[in-house]
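What the coordinates show
Single-letter residue listing:
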Amino acid sequence: MNKISKSIAGALLLVTFPAASLAAGWVADFSFDADAAYDDNFLMSDTEQESWIYSVKPEVSLIYLTPVVTSELDAKLAVKRYSEFDQFDSEDPAFSWKNSYKRARSTWSMDFGYRESSQRDFAEEDTGQFDSNTIVETVYVDPSVVFRVTEKDDLGISLGYTERDYDADDFSDNENETVGLNWQHKVDEVLSTTANISVSKYQADRPNINTNETDYENITVGFIYQYSESLNINGSTGYFQSDSRKRIISGPAVVIVDSENTGLLLNLGMNYSQEKTDWSLSLSRGLYPSSQGDVEERDSLGIGFEHRFTTRSSSGINVSWYNTNSVDNDRESINISPYYHYRLTEKLTLQTSYVFRSFDRQLGGEVDSNRVKLGLRYSF
């Protein structure tokens, strides 16, 4: 199915699926976002080129909830247009379905989804190639089960499969499979300890250029501290090991490169909510299966803050930082985004934001951009 037909199918899904599902007892939430943004360095290059960005995003969410079964379906379509770079125009459908089934001593879950997106939308986190108009199709399936072993112990088993396919050969089609085992022990009313083991296989292929297979294992131990309804802190630390074999095609010859890598894993998160203010903090060091055919090490930091002035207006700021250790090119990115929201009516909200982006390529130098956005969100 080509991109146009998939986009049409996604749009039809937004219209036809809710009507069929509501008859079965689903509760629906419809929304429509429309915004315009100005970016003074759209391609994040040394030679700055500006562009206006226009987008509309219809979305429908359907939720079915009983004491035993929870099912949540989300479908959306993002249509984007660029005043100076029409080669990046896109219509990106996305679909996800999350399901859970609770029994006396177990909870079964099955999440799966499909989405199309512009690879450049993830360039800060992934490759730093802001000038690519490649479209990536992503399919994922994540089944899991959690067993109540004792009154204080839970044992979880999870499987994960993600496949990403690109419509151009500047990236590597890849798939990632994971099997995980998780244990959680409740020490008391506020503290729990955790342990996790996962084994993954990553395979990537760029036709006529290279292929890569990487096996990697993660082992972590951690804690969950629910100090109060307002404050939650969780963290973990551990160890990873990876073994990789890359086949590089150079004319008639094939060069095979084997490599091993080990390192530390880290995750720390905090959420704090007051009557009018929310804080969040996340810090991590982990592995990232990239679109370049490698499993890369990444450090990240995220900070979020929001204050509600009244029931109609709120303001906040999101800050993110990534530092990726790559085989080809180490890179670092910073995102700072203050925003302001005002509810004009019960269903219509004004959304404004400013985004400062900085991207540092080890081999290409540092660049930055400024983006200002004004939009409306209508909830039916």
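Scroll up to find the structure this text is about.
Below is a summary of the structure that appears in this document. Counting of residues starts from 1 at the beginning of each chain's written sequence and follows it residue by residue. In keeping with the predicted nature of the model, local features appear solely for residues at pLDDT of at least 70, side-chain atom pairs appear and are counted solely at 80 or more, and the whole-chain, interface and lining totals rest on all residues. To obtain the side-chain values, all non-hydrogen atoms of the structure were used and water was disregarded.

Details of the nonpolar core
- Here, nonpolar core refers to any group of buried Ala, Val, Leu, Ile, Met, Phe, Trp, Tyr and Cys residues whose side-chain atoms link them within 4.5 Å. Only protein chains enter the area calculation, which uses a 1.4 Å probe; residues under 20% of their type maximum are buried, those over 50% are exposed, and those in between are partly exposed. Listed in full, the seven residues of the largest apolar core are Ala37, Phe42, Leu43, Ile53, Tyr82, Phe85 and Phe88.
- Look past the residues within four positions of Ala37 in its chain and what remains in contact with it is Ser51, Trp52, Ile53, Arg371, Val372 and Lys373. Note on definitions: a residue-residue contact is assigned when non-hydrogen atoms from the two residues lie within 4.5 Å.

Digging into the packing of aromatic side chains
- The rule is short: rings of Phe, Tyr and Trp, with Trp giving its six-membered ring, pair when the centres are within 6.5 Å, and they are stacked under 30 degrees, edge-to-face over 60, tilted in between. Under the definition given, this model contains 18 aromatic pairs.
- Ring plane angle 45 degrees and centroid distance 5.9 Å describe the contact between Trp26 and Tyr64, whose orientation is recorded as tilted. Pair noted here: Trp26 is in the loop between helix H1 (3-22) and strand E1 (27-39) and Tyr64 is in strand E2 (residues 51-65), with a separation of 38 residues, a long-range link.
- Pairing Phe42 with Tyr82 gives two aromatic rings, centres 5.1 Å apart and planes at 55 degrees, and the pair type is tilted. Pair noted here: Phe42 is in the loop between E1 and E2 and Tyr82 is in strand E3 (residues 69-82), with a separation of 40 residues, a long-range link.
- Linked through ring pairs, Trp26, Tyr64, Phe95, Trp97 and Phe112 together constitute an aromatic cluster.
- Its guanidinium or amino end placed over the ring of Phe42, Arg120 lies 4.0 Å from that ring's centre, counting from NZ or CZ.
- Whether a charge sits over a ring depends on NZ of Lys or CZ of Arg being within 6 Å of the ring centre and within 35 degrees of the ring normal. Over the ring of Tyr288 we find Arg298, and its NZ or CZ is 4.0 Å from the ring centre. Working definition: helices are DSSP H or I runs of at least four residues, strands are E runs of at least two. Numbering for both runs from the N terminus.

Some thoughts on unusual backbone geometry
- A positive phi is found at Met44, a non-glycine position, where the angle reads about 50 degrees.
- Residue Met44 is classed as buried on the basis of its relative accessible area, which comes to 1%.
- Of note, the phi angle at Asn208 is positive, near 65 degrees, even though the residue is not glycine.
- Note on placement: Asn208 falls in the loop between strand E9 (191-206) and strand E10 (210-226).

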